[in-house]
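One-letter residues, chain by chain:
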Amino acid sequence: EDQVTQSPEALRLQEGESSSLNCSYTVSGLRGLFWYRQDPGKGPEFLFTLYSAGEEKEKERLKATLTKKESFLHITAPKPEDSATYLCALSDSWGKLQFGAGTQVVVTP
Amino acid sequence: SQTIHQWPATLVQPVGSPLSLECTVEGTSNPNLYWYRQAAGRGLQLLFYSVGIGQISSEVPQNLSASRPQDRQFILSSKKLLLSDSGFYLCAWSPRGGFVGYFGAGTRLSVL
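Calculation criteria
Residues numbered from 1 in each chain as written. Chains lettered and ligands numbered in written order. Predicted model: local features only at pLDDT ≥ 70, side-chain atom pairs only at ≥ 80, totals over all residues. Heavy atoms only, no water. Pairing = 2+ DSSP bridges. Helix = DSSP H or I, 4+ residues; strand = E, 2+ residues; numbered from the N terminus. Axes fitted to C-alpha atoms, helices over the stretch in contact; angles between N-to-C directions. Buried < 20%, exposed > 50% of the residue type's maximum accessible area, 1.4 Å probe, protein only. Polar contact = N/O pair within 3.5 Å; in protein donor to acceptor, adjacent residues only side chain to side chain. Contact = heavy atoms within 4.5 Å.

Section: the sheet that holds strand E1 (residues 3-7) of chain A
Residues and elements named next belong to chain A.
Now for step 1: Ordered in space as E1-E3-E8-E7-E6, the five strands form an open sheet in which the pairing is antiparallel. Pairing within the sheet leaves two strands with one partner each, and these edge strands are E1 and strand E6 (56-59). The mean angle between the axes of side-by-side strands here comes to 15°, regardless of whether they run parallel or antiparallel.
Now for step 2: The sheet contact formed by strand E3 (residues 19-26) and strand E8 (residues 70-75) spans six bridges and is antiparallel. Each bridged residue has a counterpart across the sheet, and for Ser-19 the counterpart in E8 is Ile-75.

In structure tokens form, the structure reads like this:
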């Protein structure tokens, strides 16, 4: 059975303090690992898709990487506007997403 | 560009009342459509998905049903709401043959 586990559950950072979020997964056949950002009371916003080990994607202060068992979301020099819950998910062949519980990130000035 | 609309944004309903949440997608054809629920303090759970008009698959047994009367319209319904139906309901779409899910703004449902 496919599984997605995110850690830590919560992360409090000072502005400019870089850190990484972890997403561990087990899957029979990877069709994509997805990262989303979710602000309170809103729907998840798509950030990245990673398909194969060694792949990396970047967007502003965010960088996602993928190994055969884990994905990391690196936040470099975060700003308060990066505060959100970050979700990772696996997709099956029908596009059905299985989400982790998320990491709530708070960046303080 | 594609957009997804969900309404209402917030809904407060008494136990035992019916429910109808609507979702429409613009700017694409033949999308896969999905309903997810996010209960307080829990992750996103897939409820239903559809690959075409009238084709609905249920992922978890529950008090809810879904329908797809038109290609880009997806409806979530219940005949009698339970307290446990409270949560944040999200509609999503993905392109046919694609995997990325794009989400609507969500409906916050409180059953009292």
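Structural notes on the pairing of strand E2 (residues 10-14) of chain A
Residue and element names in this part refer to chain A.
Now for step 1: Residues Leu-11 and Leu-13 of E2 are buried on one face, while the alternating residues Ala-10, Arg-12 and Gln-14, pointing to the opposite face, are not.
Now for step 2: Note: E2 against strand E11 (residues 103-108), five bridges, orientation parallel. Directly across from Leu-11, in E11, lies its bridge partner Val-105.

Regarding the side chain of Asp85(B)
All names here are of chain B.
Now for step 1: If you trace the backbone, Asp-85 turns up in the loop between strand E8 (73-78) and strand E9 (87-94).
Now for step 2: Residue classification places Asp-85 among the buried residues on the basis of a relative accessible area of 3%.
Now for step 3: A distance of 2.8 Å separates a polar side-chain atom of Asp-85 from the backbone nitrogen of Leu-82.
Now for step 4: The contact partners of Asp-85, leaving out residues within four places of it in the chain, are Arg-37, Asn-63, Leu-64, Lys-80, Leu-109 and Val-111.

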